[in-house]
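# Analysis of the macromolecular model
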Amino acid sequence: MNAASKAKTKIAVIGGDGTGPEVAAEGLKVLKAVAAMEGFEYELEHFDFGGERYLRTKETLPAGAVDQLRKFDAIYLGAVGHPDVAPGILEKGLLLELRFQLDQYINLRPVKLFPGVETPLKDKGPEDIDFVVVRENTEDMYCGVGGFLKKHTPDEVATQTAIYTRKGCERCIRWAFEFTRKRNNPKKMLTLVAKTNVLTYGHDLWWRTFQDVASEYKDIKADYNHVDACCMWMVKNPEYYDVIVTTNMFGDIITDLAAVVQGGLGVAAGGNINPDPGGTSMFEPMGGSAPKYTGKNVINPIAAINAMSMLLEHTGHESAAQRVMSAIQVVTGTKMKSQAAGKMGYSTQEVGDLVIEALDKTPAGRAKAAAR
Ligand code: IPM
Ligand code: MN
């Protein structure tokens, strides 16, 4: 069901660790402002999952938490990662657990250089850097299938199996074709990024599935890059891309490359999407919990506000989403000095305030303000 047809959009908030709660607070501030302007209602419920709770209770997600979260239209996540918790525990026990349990099989990463944002790519501007990565989000080496043999001996063996299923890749590829059609960029091109020359089983399945699904989307150009070539191309000619669809592990890597290309973790946002009816999706800024900046009011909230715009888009509030997206670009283009923490020219909270101020300055915002 389209969430906009419901009375209230129900959002679960997991502020998480480090600077997560600070940036999430700015996204929620923008949500409050845009909901009042656009006239829709929503309901929030906060959950304290993350490193602090884990250290207290030794549980990443308490029993029943996933079923509780399932009842929400969307989850808004700040960040996970705590310096006193060993690597892998929160990642696996919280983030990946939610992705898998809620079957959020699409990881959507828009890669857009906002006006005024610096890219490390020489001579490239906002017109060159505007593509989307659709990453499969439930399979591959992320499944946790593997083991040790003769652990802690000189003959130790470790395996980590990449699992690919026809169902898993087909639903992702099909969604990516639909998305490319809807995006309607003049290129109308979907690039499969894989490694068919070496992964001759797993990525052969992806390749064959891609060809099969492509035959149903004759209006979309079906393109292919090996992942290594894609990394070169993304730096040299980012304007080549429209939409990329890729496997979970490669998607993880190329989306961090893409995040740098779009100006860094201060701006990049992503969605973990279950597009099926009744599915619960989760939206997050890509930056980590940045412990050293915690509580200093210097971290960049643009990525979190960007994630809020994605949440709005996916819960049926397209015009609010557009409005937030435009306001972000007013602020990066005309106000902020830098996207780096502590160098923005404004505090975390001031950047949030500027975005709210700019909600009325976007073309749609001006029209609505005049009508009020
Ligand atoms: C990401 C992150 C996660 C991933 C980690 C934190 C498990 O890097 O969302 O890209 O590898 O998917
Ligand atoms: Mn990653």
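Residues numbered from 1 in each chain as written. Chains lettered and ligands numbered in written order. Predicted model: local features only at pLDDT ≥ 70, side-chain atom pairs only at ≥ 80, totals over all residues. Heavy atoms only, no water.

### Comments concerning the nonpolar core
Ranked by size, the top nonpolar core spans 82 residues in total, and within it Tyr-76, Val-134, Phe-177, Ile-244, Val-245 and Leu-312 carry the most contacts. When sequence neighbours within four positions are dropped, the list of residues in contact with Phe-177 reads Leu-190, Phe-210, Val-213, Ala-214, Tyr-217, Ile-220 and Ala-222. Counting 17 residues, the second-largest nonpolar core is a separate cluster that includes Ala-12, Ile-14, Ala-65 and Leu-102. (Core = buried A, V, L, I, M, F, W, Y, C linked by side-chain atoms within 4.5 Å. Buried < 20%, exposed > 50% of the residue type's maximum accessible area, 1.4 Å probe, protein only. Contact = heavy atoms within 4.5 Å.)

### Some words on the environment of Glu-91
Position of Glu-91 among the secondary structure elements: in helix α4 (residues 89-101). Along the backbone, Glu-91 and Gly-50 are 41 residues apart, and their C-alpha atoms lie at a distance of 9.7 Å. (Helix = DSSP H or I, 4+ residues; strand = E, 2+ residues; numbered from the N terminus.)

### Some words on the site of ligand 1
In the vicinity of ligand 1, the contacting residues are Glu-91, Leu-95, Arg-99, Arg-135, Tyr-142, Asp-252 and Met-286. Contact between ligand 1 and Arg-99: an oxygen atom at 2.6 Å from a side-chain N or O atom of the residue. At 2.9 Å from an oxygen atom of ligand 1 is found a side-chain nitrogen or oxygen belonging to Asp-252. About the coverage of ligand 1: the protein hides 75% of its 320 Å² of free accessible area. Across the shell around ligand 1, the residue classes break down as three nonpolar, no polar and four charged. (Near = heavy atom within 4 Å. Polar contact = N/O pair within 3.5 Å; in protein donor to acceptor, adjacent residues only side chain to side chain. Areas by Shrake-Rupley, 256 points an atom, 1.4 Å probe, with all protein chains shown as cover. Nonpolar A, V, L, I, M, F, W, Y, C, P; charged D, E, K, R; others polar.)

### Some thoughts on the pattern of salt bridges
In total, this model carries 25 salt bridges according to the counting rule given. The salt bridge partner of Lys-29 is Glu-26, with a shortest N-O separation of 2.5 Å. Here the residue Lys-29 and the residue Glu-26 both occupy positions in helix α1 (residues 20-38), the gap between them amounting to three residues, near one helical turn. On the basis of relative accessible area, Lys-29 is assigned to the partly exposed category, the value being 25%. Given a relative accessible area of 4%, Glu-26 falls into the buried group. Where Asp-103 meets Arg-171, a salt bridge forms, and the shortest distance between an N and an O atom there is 2.9 Å. Here Asp-103, found in the loop between α4 and β4 (106-112), pairs with Arg-171, found in helix α5 (residues 166-183); they are 68 residues apart in sequence, far enough to count as distant. For Asp-103, a relative accessible area of 27% translates into the label partly exposed. Among the residues examined, Arg-171 registers a relative accessible area of 18% and is labelled buried. Residues participating in the shared-partner salt-bridge network are Arg-166, Glu-170, Arg-174, Asp-212 and Glu-216. (Salt bridge = Lys/Arg side-chain N within 4 Å of Asp/Glu carboxyl O.)

### Here we look at the packing of α1 against helix α11 (residues 348-358)
As a packed pair, α1 and α11 sit with axes 9 Å apart at the nearest point and diverge in direction by 20 degrees. Considering the angle they form, α1 stands roughly parallel to α11. When the axes of α1 and α11 are compared, the crossing they make is right-handed. For the pair formed by α1 and α11, the contact residues are Glu-22, Glu-26, Lys-29, Val-30, Ala-33 and Met-37 on the first element and Thr-348, Gln-349, Gly-352, Asp-353, Val-355 and Ile-356 on the second. By residue class, the composition of the contact of α1 with α11 is five nonpolar, three polar and four charged. (Axes fitted to C-alpha atoms, helices over the stretch in contact; angles between N-to-C directions. Parallel < 35°, antiparallel > 145°, perpendicular 65-115°, else oblique. Left-handed = near helix turned anticlockwise from the far one by under 90°.)

### Quick notes on the packing of aromatic side chains
This model, assessed by the stated rule, comprises nine aromatic pairs. Taking 5.1 Å as the distance between ring centres and 85 degrees as the angle between the ring planes, the aromatic pair formed by Tyr-240 and Tyr-241 counts as edge-to-face. Ring pairs connect the aromatic residues Phe-131, Trp-233, Tyr-240 and Tyr-241, which therefore count as one cluster. Between the NZ or CZ atom of Lys-58 and the centre of the ring of Tyr-54, over which it lies, the distance is 5.2 Å. (Phe/Tyr/Trp six-rings, centres within 6.5 Å; stacked < 30°, edge-to-face > 60°. Lys NZ or Arg CZ within 6 Å of the ring centre and 35° of its normal.)

### Describing the sheet that holds strand β10 (residues 243-246)
Judged by pairing direction, the sheet is mixed, and its 10 strands sit side by side in the order β2-β1-β3-β12-β11-β4-β5-β10-β8-β9 without closing on themselves. Both outer strands of the open sheet, β2 (41-47) and β9 (221-226), are each paired with one neighbouring strand and no more. Between one strand axis and the next, the sheet turns through 25 degrees on average, direction left out of account. Judged from the four bridges that link them, strand β8 (residues 189-194) and β10 form a sheet pairing that is parallel. Directly across from Leu-190, in β10, lies its bridge partner Val-243. (Pairing = 2+ DSSP bridges.)

### Regarding the pairing of strand β12 (residues 281-285)
Most of β12 sits inside the fold, with five of its five residues counted as buried. As paired strands, strand β3 (residues 74-79) and β12 are joined by three bridges and run parallel to one another. Bridge pairing in β12 links Ile-75 to Met-282. Note: strand β11 (residues 269-273) against β12, four bridges, orientation antiparallel.

### Digging into the confidence of the model for the protein chain
This prediction gives the protein chain a mean pLDDT of 96; 96% of its residues lie at or above 70. Across the protein chain, element-level confidence peaks in β10 with a mean pLDDT of 99 and bottoms out in helix α12 (residues 363-371) with 66. (pLDDT = per-residue confidence, 0-100.)

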